[in-house]
Structure formats: structure tokens, C-alpha cells
Amino acid sequence: MDRASFEDNLNKLNEMSEKIRTENLPLEESLSCYKEGMASYKTCMAILKDAKLEIEKVIDEEENHDEF
């Protein structure tokens, strides 16, 4: 499954947040923006989690390599 980049999702989250804060939206549209923003937030968090795991793996490999 292809997912948009971290930056794309972060921009979408910021866009939805700004739209909710600054526009006088009907409830249904506000709810739709909220849901879209939360989906982008969850994707950002998943991407960050994957990056963290990858960094930890590199650090562990480097530490294990240094032991020999």
C-alpha cells in the first residue's frame, strides 16, 4: 500500500486544522475536516514510528559491529 509522504500528511493535517479554526464551517464539514486531519495525524505517527525503529536498528547494528 502506497501512502503519502510524511510531509504531505503533515501539510494536510495543518490545512484541516487551519480550516476548522479559521472558517465558519457547518458541523458536518467540520467533522469531515476533523476526520481527514486525524487520518493524516495517524499516518504521520506511523511513519515516525517506522523511522524510529529504523534508527534504533541502525544504532544497534553499529553498536554490535563495534564490539568485534
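Relevant structure appears above.
Residues numbered from 1 in each chain as written. Predicted model: local features only at pLDDT ≥ 70, side-chain atom pairs only at ≥ 80, totals over all residues. Heavy atoms only, no water.

Enquirer: Which residues make up the overall build of the protein, and what values do they have?
Expert: Along the backbone of the protein there are two helices and zero strands. Taking 2.2 N^0.38 as the reference for a compact globule, 68 residues should give roughly 11 Å; the C-alpha atoms of the protein span a radius of gyration of 18 Å, well beyond that estimate. Seen along its three principal axes, the alpha-carbon backbone of the protein occupies a region of about 65 × 25 × 15 Å. About 5,800 Å² of surface is accessible on the protein, with carbon and sulfur atoms providing 55% of the total. (Helix = DSSP H or I, 4+ residues; strand = E, 2+ residues; numbered from the N terminus. Rg over C-alpha atoms; globule rule 2.2 N^0.38 Å. Areas by Shrake-Rupley, 256 points an atom, 1.4 Å probe, with all protein chains shown as cover.)

Enquirer: Outline the state of the cysteines, supporting the account with residue identities and numerical values.
Expert: Cysteine pairs can be covalently joined through their sulfur atoms, and such a bond is termed a disulfide. What the rule picks out here adds up to zero disulfides. Cys33 carries a free sulfur, and the closest cysteine sulfur to it, the one in Cys44, is 16 Å from it. Here Cys44 falls in the buried class, since its relative accessible area comes to 4%. (Disulfide = S-S within 2.5 Å. Buried < 20%, exposed > 50% of the residue type's maximum accessible area, 1.4 Å probe, protein only.)

Enquirer: Residues and numbers for a negative patch on the surface, please.
Expert: Residues Asp60, Glu61, Glu62 and Glu63 make up a contiguous surface patch of negative charge. Its location among the elements puts Asp60 in helix 2 (residues 27–66). (Patch = residues over 30% accessible without salt bridge, like charges linked within 9 Å, V, L, I, M, F, W, Y side chains within 5 Å. Salt bridge = Lys/Arg side-chain N within 4 Å of Asp/Glu carboxyl O. Lys, Arg positive; Asp, Glu negative; His and termini not counted. Charge placed at Lys NZ, Arg CZ, Asp CG, Glu CD.)

Enquirer: Any details on the pattern of salt bridges? Residues and values, ideally.
Expert: A complete count under the given rule lists five salt bridges for this structure. Glu18 serves as the salt-bridge partner of Arg21, at 2.6 Å between the closest nitrogen and oxygen. Of the two residues, Arg21 and Glu18 both sit in helix 1 (residues 6–22), three residues apart, roughly one turn of that helix. On the accessibility criterion, Arg21 (60% relative accessible area) is exposed. For the salt bridge of Glu29 with Lys19, the shortest nitrogen-to-oxygen distance reads 3.5 Å. In this pair, Glu29 is assigned in helix 2 and Lys19 in helix 1, connecting sequence segments ten residues apart. The class for Glu29 is partly exposed, based on a relative accessible area of 32%.

Enquirer: So what's going on with the side chain of Ser40? Which residues, and what values?
Expert: You can see Ser40 is positioned in helix 2. Here Ser40 is in contact with Asn9, Lys12 and Leu13, once residues within four sequence places are set aside. (Contact = heavy atoms within 4.5 Å.)

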